[in-house]
Amino acid sequence: MKDAFIVEKTETGLRLDRLLFEKGYSPSRTAVQRAIAQGDIRLNGMICKPGCKVKAGDVVEGDVKLPAEPIVRPQKIKLDIIYEDEYIIVINKPRGLIVHPAAGSTEGTLVNALLHHYPDIAGIGDHMRPGIVHRLDKDTTGLMVAAKNAAAYLNLARDFQRRDVKRVYLALLYGRPEAKKGIIDAPIGRHPIDRKRMAVRRDGRHAATEYRVIESHDGISLVEATLMTGRTHQIRVHMAAIGHPVAGDHVYGPRRIPAAVQSAAVRHLIESLKGQALHAFRLGFRHPVTGKEMCFEVPLPPDITLLLNTLRADPGEEAEEIDF
C-alpha cells in the first residue's frame, strides 16, 4: 500500500482492517492487521487498532508493502475419512495434527492434506484455511467437518456461528466434579500475561460448557462435555477453572500428576500421553446443501482407551456406563 485514500460515505462504520482487506491491499486480513498494529498504516495520521471504525472523510495513509502470505502446498497425508460427498468431508483427526498453517509453519497440517485430496478447495474461504469452518487443538482428537465447495462453506460457517451444531467431547479429568452434572458459564479471554493461553476473565467472551460425569476411578473421572459456545481451548480452560483439569494437559493442568491417582500403571499411561485426554466423539449438524440432519460418532483413540480400561480394571468408585 502506498500514498493515501479518503474513506467514502458508503464505507462508514467498517473496521479499518476489513476496509483495507476488501479494497484488495492484501490477500489476507491477518497481514493487514499486522501492518496496522505495527503503525505502518495510519488513520488520520494516528496509529490505531485494526478494529477501529472508520467514517466518511477519514484519511487512511501508509507507505508499506504488506508481507506476502506463505503459500500452502498440498501434501500427501493420510486422512481417516468418516464420511464424504461432493459438498463436505468428515474426518477423525488424530493427535498431533495441526488443523491449519500459521506463520512459520506451513506444512504437515490438515489443510495441506485436504489440498492434496481435494485440490478444488483452494480459494474456498481464507486461503490459509480453505474449507475449514472450525478447529480442534493440535493434541485433541476426534471429529471435524470441512467444506468442499463455496456454498457448503458459507452455510456451515453460518451454522457454526449461530451455534446450530452439536459438538460433544469425552474427557478424562483429574478428580471428580462436586456436581455430577451442570453448566460451567464463565467468560473466556486471552491470558493477561501468557498470550498463548486463554483464561476465565470477567471481560472475556461469553463461554458455556455443559458436562456430566459418566464414571470415576482412582482419582480420575470420565466426563461428557458439550460445547454451548465455541471459544479457544474452552473445555480445557473451563475444567481447569473448576479444579478438575483434563489429564495430560500440560498447558492448563498441574505439572505433576495429583497424588489421588494412586495406580502406578495409570500414572505411567498419563505420562505417556502426548497431549490432553480430550476427544471430540460426536458431531451433529445440518447438511449445508441438502438440509439433512447428520450425526457422527467415533470411538476414543487407542491411548485414551487403554488408560480408561486400566482405570476400569480397578473400579473404585461407583460407575455409570455409557455407550460410545
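The secondary structure content of the protein chain amounts to seven helices and 14 strands. Referenced to the eigenvectors of the C-alpha coordinate spread, the extents of the protein chain come out at roughly 70 × 45 × 35 Å. By residue count, 47% of the 324 residues in the protein chain fall in the buried class. Relative to all contacts within the protein chain whose residues are 6 or more apart in sequence, the contacts with residues 24 or more apart total 66%. By element, 50% of the accessible surface of the protein chain is carried by carbon and sulfur atoms, the whole surface being about 16,800 Å². Here the protein chain holds 47 positive side-chain charges and 40 negative ones, and the gap between their average locations is 4 Å.

To continue, consider helix α2 (residues 29-37). Inspection of α2 places Ala31, Val32, Ala35 and Ile36 among the buried residues, and these make up the whole buried set. Projected onto a plane normal to the axis of α2, the buried residues spread over an arc of 135° and lie on a single side. Note on α2: the residue one or two positions beyond its end, Gly39, has a positive phi of about 85°.

Right, let's talk about the nonpolar core for a bit. Ranked by internal contacts, the top residues of the largest apolar core, which has 70 residues, are Leu110, Leu114, Val145, Leu172 and Phe285. It is strand β7 (residues 166-174) that provides the largest number of residues to this core, a total of seven residues. Core analysis: the next-biggest nonpolar cluster, separate from the first, contains 14 residues, Ala35, Ile41, Cys48 and Val54 among them.

With that settled, the discussion passes to the sheet that holds strand β2 (residues 41-43). Taken in spatial order, the three strands line up as β1-β3-β2 in an open sheet, and their pairing is antiparallel. Edge strands, defined here as strands with exactly one partner in the open sheet, are β1 (4-6) and β2. Across the sheet, the axes of successive neighbouring strands diverge by a mean angle of 15°, strand direction being ignored. Both β1 and strand β3 (residues 59-62) contribute to a ladder of three bridges, which runs antiparallel. When the sheet's bridge partners are listed, Ala4 is paired in β3 with Glu61.

This paragraph deals with empty space enclosed by the protein. Applying the stated criterion to the full structure yields one cavity of 30 Å³ or more. The computed volume of the largest cavity comes to approximately 30 Å³. The wall of the largest cavity is formed by His134, Leu136, Leu143, Arg167, Tyr169, Ala280, Arg282 and Leu283. Those elements giving two or more residues to the lining of the largest cavity turn out to be β7 and β13 (278-286). The leading source of residues in the lining of the largest cavity is β13, at three residues. Along the lines of polarity and charge, the residues of the lining of the largest cavity split into five nonpolar, one polar and two charged.

With that settled, consider the environment of Thr109. Counting through the fold element by element, Thr109 comes out in the loop between β5 (88-93) and α3 (110-117). Residue classification places Thr109 among the buried positions, given a relative accessible area of 0%. Each C-alpha atom of the pair Thr109 and Lys138 lies 9.5 Å from the other, and the pair is 29 residues apart in sequence. Ignoring any residue separated from it by four or fewer positions in sequence, one finds Thr109 in contact with Gln75, Ile77, Leu97, Ile98, Val99, His100 and Pro101.

Most of β7 is tucked away: eight of the nine residues are buried. As paired elements, β7 and strand β12 (residues 220-227) share seven bridges and run antiparallel to each other. Within the sheet, the bridge partner assigned to Tyr174 lies in β12 and is Ile220.

Let's shift gears to the packing of aromatic side chains. Both the distance between ring centres and the angle between the ring planes are used here to describe each pair of aromatic rings. With the rule as written, the count across this model stands at two aromatic pairs. When the centroid spacing of 5.5 Å and the interplanar angle of 40° are considered together, the rings of Tyr83 and Phe296 count as tilted. With Tyr83 in strand β4 (residues 81-84) and Phe296 in strand β14 (residues 293-297), this pair connects stretches of sequence that are 213 residues apart. Through pairs of rings, three or more aromatic residues link up here, namely Tyr83, Phe285 and Phe296.

In this fold, His217 is placed in strand β11 (residues 208-217). Judged by relative accessible area, which is 3%, His217 ranks as buried. A distance of 2.8 Å separates the side chain of His217 from the side chain of Glu215, its partner in a polar contact.

All right, on to the environment of Thr141 then. By the secondary structure assignment, Thr141 is in strand β6 (residues 141-147). Residue Thr141 is classed as buried on the basis of its relative accessible area, which comes to 3%. With 108 residues separating them in the primary sequence, Thr141 and Gln33 have C-alpha atoms 31 Å apart. Other than its neighbours up to four places away in sequence, Thr141 contacts Lys93, Pro94, Arg95, Leu136, Leu278, His279, Ala280 and Pro301. Only 2.7 Å separates the side chain of Thr141 from the side chain of His279, close enough to count as a polar contact.

Criteria and cut-off values
- Within each chain, residues carry numbers counting from 1 in the order of the written sequence.
- In view of the model being predicted, local features appear only for residues whose pLDDT reaches at least 70, and side-chain atom pairs are presented and counted only at 80 or more, with totals across whole chains, interfaces and linings using the full set of residues.
- Note that the side-chain values use all heavy atoms of the structure and ignore hydrogens as well as water.
- Runs of E in the DSSP output that reach at least two residues are strands. Runs of H or I that reach at least four are helices, and both are numbered from the N terminus.
- Between buried and exposed lies partly exposed: a residue is buried under 20% and exposed over 50% of the maximum accessible area for its type, with that area taken using a 1.4 Å probe on protein chains only.
- Residues count as neighbours in contact if any of their non-hydrogen atoms are within 4.5 Å of one another.
- Calculation of accessible area relied on Shrake-Rupley with a 1.4 Å probe; when residues are assessed, cover is drawn exclusively from the protein chains displayed.
- In this count, Lys and Arg are taken as positive residues and Asp and Glu as negative ones, while His and the chain termini are left out.
- Just so you know, the charge point we use is NZ for Lys, CZ for Arg, CG for Asp and CD for Glu.
- What the arc covers is the set of directions going from the helix axis to the C-beta atoms.
- As used in this record, nonpolar core signifies buried Ala, Val, Leu, Ile, Met, Phe, Trp, Tyr and Cys residues forming a set joined through side-chain atoms within 4.5 Å.
- Each pair of strands is called paired provided DSSP finds at least two bridges between the two strands.
- Axes here mean lines fitted to C-alpha atoms, for a helix over just the part in contact, with angles spanning 0 to 180 degrees between N-to-C directions.
- Put simply, the grid is 1 Å and covers the protein atoms alone, a cavity is a trapped set of points that fit a 1.4 Å probe, a pocket is an open set with protein on both sides within 12 Å along at least five of seven lines, and lining residues have an atom within 4 Å of a point.
- Grid points are joined across faces, edges and corners, and a volume is the space filled by probe spheres set on the points.
- Under the scheme applied, nonpolar residues are Ala, Val, Leu, Ile, Met, Phe, Trp, Tyr, Cys and Pro; charged residues are Asp, Glu, Lys and Arg; polar residues are all the others, including Gly.
- Geometry of aromatic contacts follows a simple scheme: Phe, Tyr and Trp rings, the Trp one being its six-membered ring, pair when their centres are within 6.5 Å, and the pair is stacked under 30 degrees between planes, edge-to-face over 60, tilted otherwise.
- Between N or O atoms, a polar contact is any pair within 3.5 Å; within protein, one atom must be a potential hydrogen donor and the other a potential acceptor, and residues adjacent in sequence are included only when both atoms are from side chains.

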